[in-house]
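# Coordinate analysis (summary)
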Amino acid sequence: MSLQYDVLIVGAGIAGSALAHALSQSSAPQRRIALLERSLAEPDRIVGELLQPAGVAFLDKLGLQGALEGIDAIPVHGYAVVQDGRIVHIPYPDGREGRSFHHGLFVQGLREHAKRAKGVDVIEATVNELVEEEGRVVGVKATRSGCKEKEVFRADLTIIADGCFSNFRSTVQGPSARPSSTKSHFCARTVALVRGHGPVLLYQISEHDTRILVDVKGPLPSDLKKHIITEVMPSLPNQLHEPIRAALSSDRVRRMPNSFLPPAPQTHKRGVILLGDAWNMRHPLTGGGMTVALSDVYILSQHLDKINDLLDWSQMKDILDKWWWERKGLAATINIMSVALYDVFGADGECLTVFQDGCFKYFERGGESVRGPVSLLSGIAPSTSLLAYHFFYVALYSIWSLFAHPRRMRAPRANSKSHVNDTPNMTGNGEVHTDEKNSDMHIMQIPSILDYPRLFWLSCRVLWTAIAIFGPLLWTEIRWW
């Protein structure tokens, strides 16, 4: 038995559900669309819970703003970044708002819109394999829920949107496929920078629920709860300690890989294309994944609306080429920024620590030093040139801070003559205070001219580190072969 459709979409997540609805609104002749999903139960994930302001705007353009209603979504007005007890607020510009929510509730809302759309069949079935004829994908074989027999679902165009663990990515892309990489895991949108560890994200997902995502670098510790309590929690604000202990004692710790997958051209196999995380992934630190997915859906649906014959692959190649370049502004900006910020905020080593401190001080300047980066992060200003400007401005500002700003230096008590009866004094070089935990003194001191040779060499290394981070990421986006 086989069923014939115009478009077949594998995966009813964010991208798949949104595309099914978008295609049903086409001004072209009504198309039959099948949306296949392994399980239509509410997904249980710990990422994909923040929609940036640009993502909210694309949701409105797609007519899907109703998916945010009735799920206790929380308005998001920006970020707060915490480092060593200091905090800097980074608001979205011009009163823009994002939304945070339970991922599963949002997906279910999108699926409901797809179910109500004209010409869309939402089917609970596991896709087992692609069906090919004469080098062209003409559909899939799938097993419906509760059945054992495989059915053939045929379509003029098959779209694979089965997520980050896609079963068909390598088959569709062939030799043009690019490998994905996983640097760490989130275990669970204030961002806390923890010395020696990756960043910690906290954000409200409903009126009474707050998510905390702890970045854990590989190899993963055998006891994640102990790792969080002993290694991460001491660096977080004290008021968070008891809620974290309570959550760890009552809930299981879930983990999600933080993967990066640059996009690749999609003309290898006729009749099929990839969409969403099956094609392009970025680090979830910036919360831009759903914004890119909804942008991709909007642009692709606008182009597919202009095609009369989905079997005409020469037309489809032109469409895919236009889609490739039109999505670049937003997608490349968010892709590059997500990994670059993680490399900086997950600082490991002297150069990246200098960069991280400089980034925090850059935010403290306020004005355009906040407005520019947060406009990039939120998708409001999709510009890789603006991203490069701010990224290297931060690098140069970090270098300038090495010479101009006081730095915290340890002064062992045994060598100090400036404190009496454990009471620290002021010195001519700066403020001295006692670290009660280690019984050592620290001094805030501006570097002397004798420090300049070492700092000059460190500055060269910091600048090279910035180039080594940004350059390869930019290259993954400008490649078209």
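Rules used in this analysis
- Residue indices begin from 1 for each chain and proceed along its sequence in written order.
- Given that the model is predicted, a residue must reach a pLDDT of at least 70 before its local features are reported, and side-chain atom pairs must reach 80 or more before they are shown or counted; all residues, however, enter totals for whole chains, interfaces and linings.
- As a convention, hydrogens and water are excluded, and side-chain values are obtained from all of the structure's heavy atoms.
- Criterion used throughout: strands pair if DSSP finds at least two bridges between them.
- Numbering of helices and strands runs from the N terminus; a helix is a DSSP stretch of H or I covering at least four residues, while a strand is a stretch of E covering at least two.
- Stacked, edge-to-face and tilted labels apply to pairs of Phe, Tyr and Trp rings (six-membered ring for Trp) whose centres lie within 6.5 Å, assigned for plane angles under 30 degrees, over 60, and everything in between, in that order.
- The rule is simple: take the accessible area with a 1.4 Å probe, protein chains only, and divide by the maximum for that residue type; under 20% is buried, over 50% is exposed, in between is partly exposed.
- Note on criteria: charge over ring means Lys NZ or Arg CZ within 6 Å of the ring centre, with the direction from the centre no more than 35 degrees off the ring normal.
- Salt bridge criterion: a side-chain nitrogen from Lys or Arg within 4 Å of a carboxyl oxygen from Asp or Glu.
- A fitted line through C-alpha atoms serves as each axis, taken over the contacting stretch for helices, and the angle formed by two N-to-C directions is quoted from 0 to 180°.
- In this scheme, roughly parallel covers angles under 35 degrees and roughly antiparallel covers those over 145, while 65 to 115 is roughly perpendicular and the rest are oblique.
- By the definition used in this description, the sense in which the near helix is turned from the far one sets the handedness, with an anticlockwise turn below a right angle giving left-handed and a clockwise turn giving right-handed.
- Any two residues having at least one pair of non-hydrogen atoms within 4.5 Å are treated as being in contact.
- Whenever two N or O atoms come within 3.5 Å, that pair is a polar contact, provided that in protein one can donate a hydrogen and the other can accept it, and provided that, for residues adjacent in sequence, both atoms are side-chain atoms.
- How sure the predictor is of each residue is captured by pLDDT, a score from 0 to 100.

### A few points about the sheet that holds strand 3 (residues 50-51)
Spatially, 3-7-4 is the arrangement adopted by the three strands of the open sheet, whose pairing is antiparallel. The open sheet terminates on both sides in strands that have one partner only, identified here as strand 3 and strand 4 (74-76).

### Remarks on the packing of aromatic side chains
Per the counting criterion, the structure on display carries 15 aromatic pairs. Judged by centre distance (5.9 Å) and plane angle (50°), the ring pair of Phe58 and Tyr298 falls under tilted. Residue class for Phe58 comes out buried when judged on its relative accessible area of 15%. Ring centres 6.4 Å apart and planes at 90° place the aromatic pair Trp324 and Trp325 in the edge-to-face group. Assessed through its relative accessible area of 43%, Trp325 is described here as partly exposed. Clustering of aromatic rings is evident, with ring pairs tying together Tyr362, Tyr389, Tyr393, Tyr397 and Trp400. Across the ring face of Trp324, the terminal group of Lys328 is positioned such that the distance to the ring centre comes to 4.3 Å.

### Some words on the pattern of salt bridges
Counting across every chain of the model gives 17 salt bridges. Two residues, Arg99 and Glu97, come together in a salt bridge whose shortest N-O distance is 2.9 Å. Judged by relative accessible area, which is 22%, Arg99 ranks as partly exposed. Residue class for Glu97 comes out partly exposed when judged on its relative accessible area of 30%. Measuring nitrogen to oxygen at the nearest pair gives 3.1 Å for the salt bridge that ties Arg154 to Glu133. On the criterion of sequence distance, the pair formed by Arg154 in strand 10 (residues 150-160) and Glu133 in strand 8 (residues 120-133) is long-range, its members being 21 residues apart.

### Regarding the packing of helix 1 (residues 14-24) against helix 7 (residues 289-304)
Relative to each other, helix 1 and helix 7 sit at 30°, their axes nearing to 9 Å. In terms of axis orientation, helix 1 runs roughly parallel to helix 7. Read as a crossing pair, helix 1 and helix 7 show a hand that is right-handed. Residues Ile14, Ala15, Ala18, Leu19, Ala22 and Leu23 of helix 1 form the contact with helix 7, whose own contacting residues are Met290, Ala293, Leu294, Val297, Leu300, Ser301 and Leu304.

### Observations regarding the pairing of strand 8
Sheet topology note: the strand 2 (residues 33-37)/strand 8 ladder contains five bridges and is parallel. Residue pairing for strand 8: Glu37 is matched across the bridge by Glu124. Direction of pairing for strand 8 relative to strand 9 (residues 136-144): antiparallel, over a ladder of eight bridges. The partner of Val127 across the bridge, within strand 9, is Ala142. Hairpin connection from strand 8 to strand 9: two residues lie between these consecutive antiparallel strands, with Glu134 at a positive phi of about 55°.

### Focus: the side chain of Ser398
For Ser398, the location among the structural elements is in helix 12 (residues 384-404). You can call Ser398 buried: its relative accessible area is 2%. A distance of 2.7 Å separates the side chain of Ser398 from the backbone oxygen of Val394, its partner in a polar contact. Those residues in contact with Ser398, other than ones at most four positions away along the chain, are Val354, Phe355, Gly358 and Cys359.

### Here we look at the confidence of the model for the protein
Detail in the predicted coordinates should be disregarded across regions flagged by low pLDDT. Across the protein, pLDDT averages 88, with 89% of residues at or above 70. Segment residues 414-439 is flagged for pLDDT under 50; beyond a separation of four residues in sequence, or across chains, it makes 43 contacts in the model.

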